[in-house]
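Residue-level structural notes
Chain by chain, the residues:
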Amino acid sequence: MANLTSNFIGIKSPNPFWLASAPPTDKKYNVERAYEAGWGGVVWKTLGSEGPPVVNVSGPRYGAIWGADRRLLGLNNIELITDRPLEVNLTEIKEVKRKWRDRALIISLMVPCDEDSWKDILHRIEDTEADGVELNFGCPHGMAERGMGSAVGQVPEYIEMVTRWVKKHSRMPCIVKLTPNITDVRKPAEAAKRGGADAVSLINTINSITSVNLDAFSPEPMIDGKGTHGGYCGPAVKPIAMNMVAEIARNPETRGLPISGIGGITTWRDAAEFMALGAGNVQVCTAAMTYGFKVVQEMISGLSEYLDDKGMALDDLVGKATPNVTDWQFLNLNYVTKAQISQDDCIKCGRCYAACEDTSHQAIAMSADRTFTVKDEECVACNLCVNVCPVENCITMVEKPKGWLDPRTDRKVGDYANWTTHPNNPSVQAAE
Amino acid sequence: MTNSPLTPGVVAGRLSPQAIAANFHDHEPPLDRHEAHVAADRCYFCHDAPCMTACPTSIDIPLFIRQIATGTPEAAAKTIFSQNILGGMCARVCPTETLCEEACVRETAEGKPVEIGRLQRFATDTLMAKGVHPFSRAKATGKKVAVVGAGPAGLSAAHRLAMKGHDVVVFDARPKAGGLNEFGLAAYKTTNGFAQKEVDWLLKIGGIRIEPGKALGRDLSLADLQKQYDAVFLSIGLAGVNALRAPGEDKANVRPAVDFISELRQSGNLSSLPVGRDVVVIGGGMTAVDAAVQSKLLGAENVTIVYRRGQEKMAASGYEQEHATSAGVKIVTNAAPVAVHGNGAVQEIEFAYTEDTPQGLKQTGETFRLRADTVLKAIGQTLTGAPEGLAVEGGKIKVDATGRTSLAGVWAGGDCATGGEDLTVTAVAEGRDAAEDIHASLMA
């Protein structure tokens, strides 16, 4: 078994799998059960200022979308930060940390946007012995209406200012949690770095309406006939989250800034992908909320096996794919593949044919006996047939060697060349 | 209880009424809403779907399954009924394992097809339970069509003709409509009087009058019908039964399997229905299986299906054969009846072993006897009572692809006509297509 011990900005945990700040981490009972199940760390559900706790709705808080067999693909919520008294949380955090010294325990914080509020909360959490703080600049609903959460995270100047206060009034490692509800995620990450953040974590949830009740004509979850946008998470958001992680990892301004990856991580493979794109560890919520804490055991065994197979250490994985994330303009336009259908694996459903014939390049032939074959002279290698085929690896993209004559373009496969030098690119200056 | 499976002879009440009721319960219970959604999720929505091609009525299966998956089973039912108005019965009795489900790509992929038949039943039951009829009649055409035979082909033709605005009279020799849906088929496939409920529901279209107890050749003549109606559709089925052609066939308790099944289907009290202790069924098709399994379910001790050719030649599907053997029926193949023994009533039946040779089926010379107090013949039905003047081919009324017979103005379909297998679903397709052709020719 590969060693999964993780050291993220000096915070040690037996594995890189943390539970994200959310309902699974809102009290001692849950957190201890999570640790027992094997989670390496938790980010305690966001604490607010002292005083009367926030109030949640007493109707449904979650909405969802499902795939086949009602498999949950996306979840949205309108829950706020912790609704338990601050003192109760602080007492429990202290008890848990003392009992579970080898596990990471981070406290998520969200208080009003003034220095005294931050100074006060940092002072209050000081003797919990927690390993660090995560600044919740991401929550997109409810708290944002009160000038907190994503209302801060959408203004880079505020992020920088608050991060500076936190570093000024605390010696704890500081992670800034970013909202995806923004045009260019590099800007808030740069601001966090300027403010002195030790790391960023992303993504928080995405503004969303998951469904509309077609009898009551209200968004769901529906509270007394009305709904509000919630925060979207789960497997459906993973591609969005991974792009944002990669953008920060490869941005010259933020390169090297540690990232805690969040967004739809459900299996060891998801975690490995985030880490390959540059995340130093990962945080999970929806998978645990869907299947329970036990899912971490598959993540641990899967990642260990993968690292053993590759002969890699955990740290070797972090950022291993980052150099290969590039701009479209640098993609090799002389790289040619063609779809190939394995007749042995084909079950003759014809979905590749329907997809290609109706919506792509009319590059698949169908015979009277339902044999499906690729027409190389039409195939642009778009990959749609691969993606709609219900049998894994039945259709594959075969790379063509240099010198192979592509019957579609009537040109031979050549050396690497990209758009920046392509004759059709109007920006290319002809050599004088 | 005085009788048991071991009571000698042909007697009623071999099992308790509770046991019989349990035995004749719906043998494949309907899917509930959740089960239907899980099953529907498995459909790949294939292009030019093989299941649809395999269906004799060409139901748009991927579409109706998608309609179930999206929470609109009533729309799914309409998709089914627009091609097959007896989609409810076909969902119960179709040998899906040799039709749509055999062609399902998930049969290829995993050996587990999408449960098309059960999904069809879910959709059709949902709509029919609402008591609504999803079709309405076109403007009256003033044309009258006679349909002879109220089985699946006749009912299908009548419905389509009524829908097109024609007035239809359906004659049937039996006391009620339904044909083999009502008088044939195993009871556990169509429980709770479904066949009659389906007829009643079908008739809600309007414009169809059923005339029971009227047989062609006895109460009606084709010539009269041709005079009185603008078109005639014959769906008279196969009323005759093939003979064993073995000495002793005339002994008591040697009878057609279809008569036994019909008696069972019409019995209001299965505990009063006599059944033998040692039942031998001769034949290899669905009728043989239906007769054998139901004999067993009534409490017969030993039930044996004997088929003269090899197992692979049996018309009953592998699924049906397995259903029979799991019910406790023994299947003997490559054995042909050569003599029925007994003093008045059958006591034993003697078989000769056979082998398939390039020159045909040959008896090996070795024989054996089975104890039998009942012999049910299920070796095929024959056309009887076909009107004079109609061309007949291979024992069936000769028709073209649209059901036209050799006489102008007379169409035929279902088991009595050439083309297709003798299945409910095939009969429905033939009735529907003939109706379309009748309509086209009446309106031309």
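**Considering unusual backbone geometry**
Residue and element names in this part refer to chain A. Residue Leu202 is joined to Ile203 through a cis peptide bond whose omega torsion reads 10°. Tracing the chain through its elements places Ile203 in the loop between strand 10 (199-202) and strand 11 (206-208). One non-glycine residue, Arg70, lies in positive phi territory at about 55°. Secondary-structure assignment places Arg70 in the loop between strand 5 (62-66) and strand 6 (72-77). Although it is not a glycine, Gln362 sits at a positive phi angle of roughly 50°.

**Quick notes on the environment of Thr357(B)**
If you trace the backbone, Thr357(B) turns up in strand 11 (residues 348-357). Sequence-wise, Thr357(B) and Arg106(B) are 251 residues apart; in three dimensions their C-alpha atoms are separated by 37 Å.

**Regarding the side chain of Asp278(B)**
All names here are of chain B. Topologically, Asp278 is positioned in strand 7 (residues 278-282). Relative accessible area serves as the criterion here: at 7%, Asp278 is assigned to the buried category. Among the polar contacts listed, one links the side chain of Asp278 to the side chain of Arg371, at a separation of 3.2 Å. For Asp278, the residues in contact, after removing those within four places along its chain, are Asn302, Arg371, Ala372, Asp373 and Thr374.

**Comments concerning the domain arrangement of chain B**
All names here are of chain B. The assigned domain composition of chain B is domain 1 (33-129), domain 2 (144-239 + 387-443) and domain 3 (243-377). Here domain 1 and domain 3 share an interface that buries about 250 Å² over both sides, 69% of which is from carbon and sulfur atoms. The interface formed by domain 1 and domain 3 holds zero salt bridges in total. Taken together, the links from domain 1 to domain 3 amount to one residue pair in polar contact (both at pLDDT 80 or more). Tallied by class, the residues present in the side of domain 1 that touches domain 3 amount to two nonpolar, one polar and one charged.

Rules used throughout
Residues numbered from 1 in each chain as written. Chains lettered and ligands numbered in written order. Predicted model: local features only at pLDDT ≥ 70, side-chain atom pairs only at ≥ 80, totals over all residues. Heavy atoms only, no water. Helix = DSSP H or I, 4+ residues; strand = E, 2+ residues; numbered from the N terminus. Buried < 20%, exposed > 50% of the residue type's maximum accessible area, 1.4 Å probe, protein only. Polar contact = N/O pair within 3.5 Å; in protein donor to acceptor, adjacent residues only side chain to side chain. Contact = heavy atoms within 4.5 Å. Domains from an automatic or database assignment. Buried area = accessible area lost by both parts, 1.4 Å probe. Salt bridge = Lys/Arg side-chain N within 4 Å of Asp/Glu carboxyl O. Nonpolar A, V, L, I, M, F, W, Y, C, P; charged D, E, K, R; others polar.

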